[in-house]
Amino acid sequence: MEEQTKRDKIIDTIGSACIKICVLMMMFSWVVAYYPYYEKLWYEKTQPVTWERYEAEAKAQAAEGRELLAIEFTGYPTEGMTTDLKSYEQFLEAKDEPICLEVDAAKLKPTGVYEKVYDFSRGGSTNSYSKYNRVRGGTVITPSSAAPQRTTELGAFFYRYKAIYAQYYVLSFEERGRILILINDTVVDIPKKGKVRLPFATGTWTHLKSDDSEMWDLIIANNLQYDRYHEMMYTLDASTWWFEFGLDKREFEEVRTAIGVILLAGGGIGLVLTFVLMLLLAKRDVVRQEDNSD
């Protein structure tokens, strides 16, 4: 009898643990599906941009009567492409050209300010993409209200199920001047020290509104240069375009959804099986008690 009681306790403990595990699987299926940085898997498979590839694309577009814009490769990894920029003045001269930098990690300072580079509910409501459409004469995509255009590190994490964000870094040029550069550090590793090859970048601009406290705080804290007359500031975009067109968003979304469904279904099935097992064991105990009473 004592042995049977001990066995029942063990079974109850195991059953209780199984129920908790299944409930946790169901509760966290959404978190596991949407919050890990799965996009890095796609980024690591992306073919790097080379000068040969860039020039071939430029010729292909020229044959169609279009001019290739450097912005169309922002965020892509590069290979064999290096731009020698040592000052903010040199950046201004090359701002519309491909800018591929290899810098000392100590020259990059994270700001904690994040910009939306892709909005799943709108399909690309970013500043750079809007700029591209203005240049091409197309429709400007306005920011979606589903997720804020700019946020903090906590906000960028919280809104991951709606949008993807990149962080602004302050890049100090070797000789003089600083500039903000937008980098998605969820796909690009930024070490604490040593050399780091940044993704393909080009110059873009941000309109400075009087109530844009985040940008004004960055300008003041880092002594950044800006155009007072036009109320705008040049920045470097090393993130946007890959998320617009390099990331297979359909496949990306399917993988995230599948992970969530599998965890949710697995937890639900496990929960049902555990309850069925507990009911069968309880029924067996009742039968035993009736047999013992006889």
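Above this note sits the structure.
Values in this document were obtained by computation on a predicted structure and should not be read as measured data.

Colleague: Looking at this model, I keep getting lost on the overall build of the protein. Mind explaining?
Modeller: A tally of helices and strands in the protein yields nine helices and eight strands. Within the protein, the proportion of its 294 residues that are buried is 43%. Split by element, the accessible area of the protein, about 16400 Å² in all, is 57% carbon and sulfur.

Colleague: How do you make sense of the sheet that holds strand S4 (residues 163-172) when you look at a structure like this?
Modeller: Each strand in a sheet pairs with its neighbour through backbone hydrogen bonds, running either in the same direction (parallel) or in the opposite one (antiparallel). Spatial strand order, S3-S2-S4-S5-S8-S7: six strands in an open sheet with mixed pairing. Each edge of the sheet is formed by a strand with only one pairing partner; in this case those strands are strand S3 (150-151) and strand S7 (202-207). Strand direction decides the pairing type here: strand S5 (residues 178-183) and strand S8 (residues 232-237), joined by two bridges, are parallel. Across the sheet, the residue bridging to Leu182 is Asp237, located in S8.

Colleague: Sorry, what's going on with the pattern of salt bridges here?
Modeller: Any two side chains of opposite charge can pair, on the condition that their charged atoms come close. Under the definition given, this model contains nine salt bridges. A salt bridge links Arg197 to Glu102, with the shortest nitrogen-to-oxygen separation between them at 3.5 Å. Within this pair, whereas Arg197 is found in strand S6 (residues 195-197), its partner Glu102 is found in strand S1 (residues 102-104), the two being separated by 95 residues in sequence. Look at Glu102 and you get partly exposed, because its relative accessible area is 40%. With a closest N to O distance of 2.9 Å, Asp119 and Lys116 form a salt bridge. Both residues of the pair, Asp119 and Lys116, count as buried. Beyond isolated ion pairs, a larger network of salt bridges with shared partners links Glu115, Arg150, Asp212 and Glu214.

Colleague: I would appreciate a short explanation of the environment of Gln90 in the present structure.
Modeller: Tracing the backbone through its elements, the reader meets Gln90 in helix H4 (residues 88-94). For Gln90, a relative accessible area of 30% corresponds to the partly exposed category. Discounting residues that sit within four places of it in the chain, Gln90 has contacts with Asp84 and Leu85.

Colleague: Even after reading the chapter, I still don't get helix H3 (residues 51-63), so can you show me in this structure?
Modeller: Note that an α-helix has 3.6 residues per turn; residues three or four places apart therefore point the same way. For H3, spanning 13 residues, the distance from its first C-alpha to its last is 18 Å, which sits close to the expected 18 Å at 1.5 Å a residue. In the stretch just after H3, Gly65 is the one whose phi turns positive, near 80°.

Colleague: Help me understand helix H7 (residues 213-222), please; the structure alone is not making it clear to me.
Modeller: Of all the residues in H7, the buried ones are Met215, Leu218, Ile219 and Asn222. Angularly, the buried residues of H7 cover 100° about the axis, an arc narrow enough to put them on a single face. Projecting away from the buried face of H7 at angles above 90 degrees are the exposed residues Ile220 and Ala221. Contact partners of the buried residues in H7: strand S2 (108-119), S3, S4, S5 and S8. Following H7 by one or two positions, Asn223 adopts a phi angle in the positive range, close to 55°.

Colleague: How do you make sense of the pairing of S5 when you look at a structure like this?
Modeller: Each regular strand shows side chains that alternate between the opposite faces of the sheet. With five of six residues buried, S5 is to be regarded as a mostly interior element. Pairing of S4 with S5, which is carried by six bridges, proceeds in the antiparallel orientation. Among the inter-strand pairings, Ser172 is bridged to a residue of S5, identified as Arg178.

Colleague: Looking at this structure, how should I read the packing of aromatic side chains?
Modeller: Per the stated rule, a full pass over the model turns up eleven aromatic pairs. Seen in terms of ring centroids, Phe158 and Tyr159 are 5.1 Å apart; in terms of plane orientation they differ by 85°. Their pairing is edge-to-face. Judged by relative accessible area, Tyr159 falls into the partly exposed class, the value being 22%.

Colleague: I keep staring at the nonpolar core and nothing clicks. Help me out?
Modeller: Leu108, Leu171, Ile181 and Leu236 are the most contacted members of the largest nonpolar core, which totals 55 residues. Put simply, the parts of the chain that give this core at least two residues each are helix H2 (39-44), H4, S2, S4, S5, H7, S8 and helix H8 (240-246). Broken down by element, the residue count for this core peaks at six residues, all from S4. Discounting chain neighbours no more than four positions away, the residues touching Leu236 are Phe91, Ile99, Leu101, Leu171, Ile179, Leu180, Ile181, Leu182, Ala201, Thr202 and Gly203.

Colleague: Got a minute to help me understand unusual backbone geometry in this structure?
Modeller: Phi is mostly negative for residues that are not glycine, and the peptide bonds are mostly trans. Positive phi, normally seen in glycine, also occurs at Asn223, with a value near 55°. Assignment of secondary structure puts Asn223 in the loop between H7 and S8. What makes Asn223 exposed here is its relative accessible area of 61%. Backbone geometry at Glu231 places phi at a positive 50°, although glycine is not the residue there. Note on placement: Glu231 falls in the loop between H7 and S8.

Colleague: Would you explain the side chain of Thr202 in this entry?
Modeller: Residue position: Thr202 is located in strand S7. Only 3.1 Å separates the side chain of Thr202 from the backbone oxygen of Lys95, close enough to count as a polar contact. There is a polar contact of 3.1 Å between the side chain of Thr202 and the backbone oxygen of Glu97. Those residues within four positions of Thr202 in sequence are excluded, and the remaining contacts are Ala70, Ile71, Thr74, Lys95, Asp96, Glu97, Ile99, Thr235, Leu236 and Asp237.

About the cut-offs
- Residues numbered from 1 in each chain as written.
- Predicted model: local features only at pLDDT ≥ 70, side-chain atom pairs only at ≥ 80, totals over all residues.
- Heavy atoms only, no water.
- Helix = DSSP H or I, 4+ residues; strand = E, 2+ residues; numbered from the N terminus.
- Buried < 20%, exposed > 50% of the residue type's maximum accessible area, 1.4 Å probe, protein only.
- Areas by Shrake-Rupley, 256 points an atom, 1.4 Å probe, with all protein chains shown as cover.
- Pairing = 2+ DSSP bridges.
- Salt bridge = Lys/Arg side-chain N within 4 Å of Asp/Glu carboxyl O.
- Contact = heavy atoms within 4.5 Å.
- Expected span 1.5 Å × (residues − 1).
- Arc of directions from axis to C-beta.
- Phe/Tyr/Trp six-rings, centres within 6.5 Å; stacked < 30°, edge-to-face > 60°.
- Core = buried A, V, L, I, M, F, W, Y, C linked by side-chain atoms within 4.5 Å.
- Polar contact = N/O pair within 3.5 Å; in protein donor to acceptor, adjacent residues only side chain to side chain.

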